[in-house]
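# Structural description and commentary
Chain by chain, the residues:
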Amino acid sequence: ILKYKDALVLLLREVLNRIQFRLNQSQLEELDDETLDDDQQTEWQRYLRQSLEVVARVMELLPSQTFSVLFPVLQEDLDIYLGLQQFIVRSGPSRRLNITAEADCRKLHCALRDLSSLLQAVGRLAEFFTGDVFTTRFNDALAIVQRLVEVSCYGSQICLYDVEMAVPSVLKPDLIDVHAQSLAALQAYSHWLAQFCGEVQRQQDQTQFMDLITSSMAATTPLINAKVPEKLLLSACHLLVSMATTVRPVFLVSLPAVQNIFNLITENHNHRLPQEAQVLVCRALSNMLLLPWPSLPEAEQQWPNRSANHARLLSSLTHQYRLLPRPPSKAVIQQTLCVLKDLVDSISGEATKSRQICYNSLQESVQVTLALFPHFIQQPDVTDEMLSFFLTLFQALRVQMGVAFTEQIIQTFLSMFTRDQLAVSILQEGSSGSKVVQKFLKILQVVVQEPGQTFKPLLPSILSLCLDQVYPIVAERSCPDVKAEMFELLFQILHQNWRFFFKSSVLSSVQRTGAEELMENQAQFIAAMQAFGQSFLQPDIHIFKQNLSYLEVLNTKHKLYHRKLFRNTMLFHFLNVLLQVLLHKSHDLLQDDITLALYNMAAVDFQAFYSSFLPEFLNGCQGLDPHQRTTLARNFRPERVSEHD
């Protein structure tokens with residue numbers, strides 16, 4: 001590294017120069033900053049991101065040199081930004097930025113664009129101050145975070161987005177962007193703050209850490225307001241979420257600035273934030289109360305108090321939603337469920353205690369949602385939102401919901417999704433109705449995968465829905481999305497509940513000890529296999545690949561191809577279909593997968609494959625004379641005779 005040190009520092013300086021408007025305005029203005037590409041980035045954003053990756057690589061190799069090159073450049077633009085306060089003049093109720101000369105406006109525009117880029121650079125380097133190097137690089141990181149907090153507080157105090165100015169179409173977006181980027185850069189240091197939080201728990205003096213968090217919240221919370229430009233509002237919301245979820249200071253919830261946000265969200269129902277911001281703020285407030293505080297023992301977690309506060313928070317958030325018997329409006333349903341789904345999703349990987357408190361607070365809203373479901377069955381956009389919520393609940397909180405209530409939910413859905421209702425929903429391909437059925441099938445996938453006997457009583461109804469109601473509608477139509485979920489459900493029923501069909505163990509069936517295989521629910525098993533077989537006759541290559549892999553898993557785990565019923569009544573049909581597909585070259589992309597499955601099926605009984613199946617198959621092939629058939633049969637060299645024969 002020392003050998004290349006000078007070259008790397010030179011590269012770093014050059015890259016930093018290339019992204020600065022102050023030095024490169026004409027070239028950088030040519031980069032498009034409006035049209036989004038496939039990665040949702042503009043040409044300018046892509047250029048900046050690639051440049052910052054170079055800066056990060058150099059930082060990895062030469063941390064102190066990178067820091068000493070970057071910080072003075074940042075400082076120069078910061079001084080301009082922090083000096084803007086002296087140019088603000090009041091005239092009556094309004095404020096004006098007293099910079100009007102064209103050259104000065106251009107210079108300010110360049111400085112603000114550069115400051116925004118350099119703040120992103122500082123954020124990108126956050127990962128190089130955590131982990132093992134936390135202590136050795138502590139002072140540098142502290143200097144950065146203090147500066148970011150100062151800049152964020154300054155922006156929130158003087159609210160430059162509210163000031164009148166000479167060229168608002170240029171300067172106002174610049175000022176909003178710098179403010180938003182200062183919050184985003186501070187958010188990037190949340191893992192560093194979390195490590196700092198852990199360190200100060202072990203020390204007596206927490207003043208420095210508390211000051212940083214208190215000031216950060218003083219900068220963030222005034223921006224959580226519907227009147228603030230959305231870009232800035234969302235930056236503030238994301239920072240609040242990181243403080244609540246990653247840093248988790250014990251005192252966060254008791255800060256006056258944070259209490260103001262609780263009051264805003266719980267008392268001010270008429271001034272909702274835009275939906276995305278509302279969801280983020282509710283997630284932050286919920287997580288403050290639900291997530292355990294790191295490095296504190298269970299006895300000091302204050303669960304009873306936090307649980308009561310969480311119940312109050314959710315009761316307030318869902319107040320309008322729960323005003324039965326009059327059903328809530330469509331807008332209230334969608335807004336409420338969107339928030340609740342996000343709250344559940346954000347704690348899905350947490351410890352039992354957090355999930356239990358969450359479910360206790362949610363319980364009434366869950367029951368209300370189930371009661372509302374039948375009223376909205378004809379409105380797929382609403383039922384889509386409801387099923388999204390239930391799917392998240394099943395994935396995250398099914399243990400907390402308990403068996404009886406889970407069964408009640410599934411039975412309600414099964415009774416609502418009649419054959420006619422399913423047909424209406426599925427046949428509007430790509431519509432909300434089709435999405436509703438997909439979500440319902442996903443919920444059932446979660447249920448049938450639950451270990452133990454818990455939901456076994458529901459299997460017959462779920463199989464019947466699949467085979468008697470959904471399958472006949474999709475069998476001869478394309479409906480790829482619904483089909484994929486239906487076959488996934490069928491596979492999970494077979495895979496996770498094999499003993500629902502086959503009572504004997506894998507061992508005795510493979511050893512062929514002469515014991516008869518004990519089968520139950522044979523008709524459903526045959527119908528499921530026929531559905532899989534039928535899918536191989538259709539052109540959809542994705543369903544073909546998915547279903548072929550399902551059969552192979554069932555064979556690997558449960559010896560499907562060796563089962564007496566499959567061997568005697570289905571094996572030759574599957575071999576026939578797969579060989580026909582290979583001959584017709586209709587699914588050439590899957591040639592290897594098909595060949596492997598064919599081999600595994602034939603390997604059940606190679607003797608029968610060569611002596612019975614092949615001659616019969618060749619007899620059925622069109623356009624071959626007897627001599628060609630005999631030659632082909634002879635050229636199939638027996639792979640090996642099964643050891644069982």
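By the naming in an unreviewed UniProt entry, the chain is Exportin 6, taken from Cyprinus carpio.

## Examining the overall build of the chain
Helix and strand counts for the chain stand at 29 helices and two strands. Rg of the C-alpha trace for the chain: 32 Å, well past the compact-globule value of 26 Å for 645 residues, more than 25% over. With the principal axes as the frame, the chain shows a C-alpha extent of 100 × 70 × 50 Å. A burial count over the chain gives 50% of its 645 residues as buried. Positive and negative charge centroids in the chain, built from 54 and 65 side chains respectively, lie 4 Å apart.

## Examining the pattern of salt bridges
The tally for this structure, following the rule as stated, stands at 20 salt bridges. We note a salt bridge from Arg46 to Asp39, for which the minimum N-O separation is 2.9 Å. One salt bridge in this structure joins Asp381 and Lys330, with 3.0 Å as the shortest N-O distance. Taken together, the positions of Asp381 in helix H16 (residues 380-401) and Lys330 in helix H14 (residues 330-346) put the pair 51 residues apart, joining distant regions of the chain. Through salt bridges with shared partners, a single ionic network connects Glu53, Arg57, Glu60, Arg124 and Glu127.

## Looking at helix H2 (residues 21-29)
Listed as buried for H2 are Phe21, Asn24 and Leu28. Along the axis of H2, the buried residues cluster in a sector spanning 115°; they form a single face. The secondary structure elements touched by the buried residues of H2 are helix H1 (5-18), helix H3 (43-61) and helix H5 (102-124).

## Brief notes about the pairing of strand E1 (residues 88-91)
As paired elements, E1 and strand E2 (residues 94-97) share four bridges and run antiparallel to each other. Within the sheet, the bridge partner assigned to Arg90 lies in E2 and is Arg95. The antiparallel pairing of E1 with E2 creates a hairpin that spans two residues between the two strands, and Gly92 there sits at a positive phi of about 65°.

## Concerning helix H9 (residues 207-220)
Here H9 contains 14 residues, and its C-alpha end-to-end distance of 20 Å stays within 8% of the 20 Å for a straight helix at 1.5 Å per residue. Inspection of H9 places Phe209, Leu212, Ile213, Ser216, Met217, Ala219 and Thr220 among the buried residues, and these make up the whole buried set. Each buried residue of H9 sits inside an arc of 160° when the element is viewed along its axis, so together they form one side. Looking at the buried residues of H9, the elements they touch are helix H6 (138-158), helix H7 (168-188), helix H8 (190-201), helix H10 (230-247) and helix H11 (256-267).

## A short note on the confidence of the model for the chain
Mean pLDDT over the chain works out to 89, with 93% of the residues at or above the 70 mark. Segment residues 641-645 is flagged for pLDDT under 50; beyond a separation of four residues in sequence, or across chains, it makes nine contacts in the model.

## Things to note about the side chain of Ser388
Inspection of the secondary structure puts Ser388 in helix H16. Looking at Ser388, its side chain comes within polar contact range of the side chain of Lys439, at 3.1 Å. Residues in contact with Ser388, not counting those within four places in the same chain, are Lys341 and Lys439.

## Some details on the state of the cysteines
With the rule as written, the count across this model stands at zero disulfides. Take Cys358: it sits in no disulfide, and the sulfur closest to it among the cysteines is that of Cys282, at 12 Å. The thiol of Cys479 is unpaired, and the distance to the nearest cysteine sulfur, on Cys466, comes to 14 Å.

## Focus on the side chain of Asn24
Examined against the element boundaries, Asn24 turns out to sit in helix H2. Accessibility expressed as a relative area gives 14% for Asn24, which makes it buried. Those residues in contact with Asn24 that sit more than four places away from it in its chain are Asn17 and Arg18.

## Side note on unusual backbone geometry
In this structure, Ser295 takes a positive phi of about 55° despite not being glycine. Assignment of secondary structure puts Ser295 in the loop between helix H12 (275-290) and helix H13 (303-317). Even without being glycine, Lys559 reaches a positive phi, approximately 55°. In this structure Lys559 comes out as partly exposed when scored by relative accessible area, which is 27%.

Cut-off values and rules
- Residues numbered from 1 in each chain as written.
- Predicted model: local features only at pLDDT ≥ 70, side-chain atom pairs only at ≥ 80, totals over all residues.
- Heavy atoms only, no water.
- Helix = DSSP H or I, 4+ residues; strand = E, 2+ residues; numbered from the N terminus.
- Rg over C-alpha atoms; globule rule 2.2 N^0.38 Å.
- Buried < 20%, exposed > 50% of the residue type's maximum accessible area, 1.4 Å probe, protein only.
- Lys, Arg positive; Asp, Glu negative; His and termini not counted.
- Charge placed at Lys NZ, Arg CZ, Asp CG, Glu CD.
- Salt bridge = Lys/Arg side-chain N within 4 Å of Asp/Glu carboxyl O.
- Arc of directions from axis to C-beta.
- Contact = heavy atoms within 4.5 Å.
- Pairing = 2+ DSSP bridges.
- Expected span 1.5 Å × (residues − 1).
- pLDDT = per-residue confidence, 0-100.
- Polar contact = N/O pair within 3.5 Å; in protein donor to acceptor, adjacent residues only side chain to side chain.
- Disulfide = S-S within 2.5 Å.

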